[in-house]
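Overview (structure and organization)
Next come the chains, spelled out residue by residue.
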Amino acid sequence: MSQEDTIPDLLKKIARVSCESAFRKFFNHFYPRLFEIALYYTKNQALAEEVVSDVFLKVWTQRKHLEGIRDVKGYLFVAVKRQSLNYVRSIRSVPLFVHDLEHHSIVESRTPESILFNQETLEAINRSIQNLPEKCRLVYKLVKEEKLTYKEVADLLHISRKTVEMHVGNALKKIRRDLEQHDSEPPAVNTTIKSAFLGLLALLSSVL
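Read on for an overview of the structure. Keep in mind the model is a prediction, meaning the values are calculated, not measured.

**As for helix α2 (residues 20-42)**
- Counted at 1.5 Å a residue, the expected span for α2 with its 23 residues is 33 Å, but the 29 Å between its end C-alpha atoms falls short.
- In the structure, α2 departs most strongly from a straight axis at Tyr 31, where the bend amounts to approximately 45° and where the proline Pro 32 lies between one and four residues downstream.
- Among the residues trailing α2, Lys 43 stands out with phi positive, at a value near 60°.

Structure representation (structure tokens):
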């Protein structure tokens, strides 16, 4: 998403002039995270896709009210959670399958990690996150990528704050162990920087 296409700008275009291209950008920006939340609750890929599509359809049909929503990301997360639970309650015959979550970019290009690490190291981090247990993985991404507070994640997933802390701590420890075992060290990576990051992970893990 370009700097000219901030979320508030997209919402303004969608709400005021029903801009379809702005809605597509809005959809593409939020869809991956919303799909993961829906999949967490439904345990069914097709059902999760339907849930998210229904939520976006509702957003489009009620687009004139979008500018009045103070926290759009939080609104979407809660809407997907509620819709997922409604689907699960109403479609008891749907088999529940656990699918691996597809995680396209654990570290966005604008984050400090992408500056400190080269592509190979980022891929190692990505693999470590993908190998986390499903619930731990979702909690970690909501906290670290979506920047939700522990309380917000606890409320969203209907778990305790202590459980959120436990999942984040376990994820950090797992990532740190996997990075320590990552043998190949490309010349472009500064060893001091990588050691500092590992130390930060260890510190964060110890205080959680």
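Read on for the rest.
**Considering the nonpolar core**
- In terms of nonpolar packing, the biggest core is built from 54 residues, with Phe 26, Leu 142, Leu 157 and Val 164 touching the most fellow members.
- Those elements that place two or more of their residues in this core are α1 (7-17), α2, α3 (45-61), α4 (72-90), α6 (119-130), α7 (134-144), α8 (150-157) and α9 (161-180).
- Counting residues per element, this core draws most heavily on α2, which supplies 11 residues.
- In contact with Leu 157, not counting residues within four places along its chain, are Tyr 40, Tyr 41, Lys 81, Leu 138, Val 139 and Leu 142.

**Points about the packing of α8 against α9**
- Closest axis-to-axis distance for the α8/α9 pair is 8 Å, and the angle between their directions is 110°. By the angle class used here, α8 and α9 are roughly perpendicular. Counting all contacts with α8, which are made through Tyr 150, Val 153 and Ala 154, the residues of α9 involved are Arg 161, Val 164, Glu 165 and Val 168.
- When grouped by side-chain class, the residues that make up the contact of α8 with α9 number 5 nonpolar, no polar and 2 charged.

**Looking at the packing of aromatic side chains**
- In total, this model carries 9 aromatic pairs according to the counting rule given.
- Aromatic ring contacts, followed pair by pair, group Phe 23, Phe 26, Phe 27, Phe 30, Tyr 31, Phe 35, Phe 56 and Trp 60 into a single cluster.
- Looking at Lys 43, its charged tip hangs above the ring of Tyr 40, at a distance of 4.6 Å from the centre.
- Over the ring of Trp 60 we find Arg 63, and its NZ or CZ is 4.1 Å from the ring centre.

**Brief notes about the pattern of salt bridges**
- In the structure shown here, the tally under the stated rule is 10 salt bridges.
- For Arg 16, the salt bridge goes to Glu 67, with nearest N and O atoms at 3.1 Å. With Arg 16 in helix α1 and Glu 67 in the loop between α3 and α4, the pair connects residues that are 51 residues apart, well separated along the chain.
- Accessibility expressed as a relative area gives 55% for Arg 16, which makes it exposed.
- By relative accessible area, which is 40% here, Glu 67 ends up partly exposed.
- As a salt-bridge pair, Glu 145 and Arg 33 come within 2.4 Å of each other at their nearest N and O atoms. Here the residue Glu 145 occupies a position in the loop between α7 and α8, and Arg 33 occupies one in helix α2, the gap between them amounting to 112 residues.
- With relative accessibility at 13%, the residue Arg 33 sits in the buried group.
- One salt-bridge network, in which partners are shared between bridges, spans Arg 33, Lys 73, Glu 145 and Glu 146.

Reading guide: rules and limits
- Residues numbered from 1 in each chain as written.
- Predicted model: local features only at pLDDT ≥ 70, side-chain atom pairs only at ≥ 80, totals over all residues.
- Heavy atoms only, no water.
- Helix = DSSP H or I, 4+ residues; strand = E, 2+ residues; numbered from the N terminus.
- Expected span 1.5 Å × (residues − 1).
- Bend = angle between axes of the 7 residues up to and from the residue.
- Core = buried A, V, L, I, M, F, W, Y, C linked by side-chain atoms within 4.5 Å.
- Buried < 20%, exposed > 50% of the residue type's maximum accessible area, 1.4 Å probe, protein only.
- Contact = heavy atoms within 4.5 Å.
- Axes fitted to C-alpha atoms, helices over the stretch in contact; angles between N-to-C directions.
- Parallel < 35°, antiparallel > 145°, perpendicular 65-115°, else oblique.
- Nonpolar A, V, L, I, M, F, W, Y, C, P; charged D, E, K, R; others polar.
- Phe/Tyr/Trp six-rings, centres within 6.5 Å; stacked < 30°, edge-to-face > 60°.
- Lys NZ or Arg CZ within 6 Å of the ring centre and 35° of its normal.
- Salt bridge = Lys/Arg side-chain N within 4 Å of Asp/Glu carboxyl O.

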